[in-house]
Amino acid sequence: MDEEILRKLCAKKAVEYIKNNFIVGLGAGRNIACLIELISKENLKIKVVTPSDNTRKLCFKYGIEVIEACLVDKVDVAFDGCCEVDEDFYASKGAGGVFTKEKIVGAMAKEYILLIDKSKLKKKLTFKFPVALEIVKDSLKYVCRSVSELGGEFSVRTSNNKDGYLITEDGNLLLDVKFENIDDFKKLNFDLKNITGVIETSIFTTEVTKLILAAYDGVKVISRGDVK
């Protein structure tokens, strides 16, 4: 069974959670792209909120209405991907740099469901991916010193499209921080968010409610607590 078939099976399971007139949060990635195509084929009448420009463009292509997240206070169901997720349902994100807005959508969602393949489910989050921080520009040096005191090795994210630091559309900076030997990611998330100038982190500790897991032996749904 190839990866494209797995993505389609994952999307087919995900669409079971969508009903007409829902407000649906969508992240980015190939699984989400498959889901958008299936939503169009099912002729579901929904409105989408998304922090992803690519997802917004795909929705426009398939005739799916997109609205700004600031216009809603709740989302019926949201779907996204991740770098990793563990058995505590702590998820690591941040590669795309829109994790703050993804967290806003996740917080508004009654169900926040990750579409993943089996390789991304870990017993505990690893240190393969850095923790990303969105920070106020004026706080840069202070935040760098503070994360160093927490044992982190930091780098300010840059862009291939321009010289200097990458600036988010909200005018902030992104800091990528590598940690080793962290036993408690919930505490790490709290400590990082407690640094003045840090807007948000790429560690999701409370938002995820379900996983739709695609594997070569089929697709299954795991709810928070099922793996305990």
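Here the structure is a predicted model, which means the values were calculated and not measured. (Residues numbered from 1 in each chain as written. Predicted model: local features only at pLDDT ≥ 70, side-chain atom pairs only at ≥ 80, totals over all residues. Heavy atoms only, no water.)

Undergrad: Lay out the pattern of salt bridges in plain terms, naming residues and giving numbers.
TA: On inspection of all chains with the given rule, the structure shows 17 salt bridges. Here Lys 93 ties to Asp 80 by a salt bridge, and the two come within 3.3 Å at their closest N and O atoms. One end of the pair, Lys 93, is in the loop between strand E6 (91-92) and helix H4 (99-108); the other, Asp 80, is in strand E4 (residues 77-80), and 13 residues separate them in sequence. Of the residues examined, Lys 93 reaches a relative accessible area of 6% and is grouped as buried. According to the relative accessible area criterion, Asp 80 is buried, its value standing at 4%. When the shortest N-O distance is used, the salt bridge between Lys 101 and Asp 170 registers 3.6 Å. Note that Lys 101 is positioned in helix H4 and Asp 170 in the loop between strand E10 (153-156) and strand E11 (173-178), a separation of 69 residues in sequence. (Salt bridge = Lys/Arg side-chain N within 4 Å of Asp/Glu carboxyl O. Helix = DSSP H or I, 4+ residues; strand = E, 2+ residues; numbered from the N terminus. Buried < 20%, exposed > 50% of the residue type's maximum accessible area, 1.4 Å probe, protein only.)

Undergrad: Provide a residue-level description of the layout of surface pockets, including the pertinent values.
TA: If you add up the space inside the largest pocket, you get close to 1200 Å³. As for the largest pocket, its lining consists of 49 residues, and the residues nearest its centre are Ala 28, Gly 29, Arg 30, Asp 80 and Gly 96. Those elements that place two or more of their residues in the lining of the largest pocket are helix H1 (3-14), helix H2 (30-41), helix H3 (53-61), H4, strand E7 (112-117) and strand E14 (210-215). By residue number, the principal contributor to the lining of the largest pocket is H2, which donates five residues. Of the residues contributing to the lining of the largest pocket, the split by class is 20 nonpolar, 14 polar and 15 charged. (1 Å grid on protein atoms, 1.4 Å probe; cavity = no way out; pocket = protein on both sides within 12 Å on 5 of 7 lines; lining within 4 Å. Points joined across faces, edges and corners; volume = space filled by probe spheres on them. Nonpolar A, V, L, I, M, F, W, Y, C, P; charged D, E, K, R; others polar.)

Undergrad: Now, about H1: what can you tell me, with residues and values included?
TA: Between its first and last C-alpha atoms H1 spans 16 Å; for twelve residues at 1.5 Å apiece the expected length is 16 Å, and the two agree. Within H1, the full set of buried residues consists of Leu 6, Arg 7, Cys 10, Ala 11 and Ala 14. Down the axis of H1, the smallest arc covering the buried residues is 135°, so these residues share one side. Opposite the packed face of H1, turned more than 90 degrees from it, sit the exposed residues Lys 8 and Lys 12. (Expected span 1.5 Å × (residues − 1). Arc of directions from axis to C-beta.)

Undergrad: Give me empty space enclosed by the protein: which residues, what numbers.
TA: Within this structure, the stated rule accounts for one cavity of 30 Å³ or more. When its volume is computed, the largest cavity comes out at roughly 110 Å³. In this structure, the largest cavity is lined by 14 residues; those nearest its centre are Thr 126, Phe 129, Pro 130, Val 131 and Phe 185. Each residue belonging to the lining of the largest cavity can be placed in one class, and the counts come to nine nonpolar, three polar and two charged.

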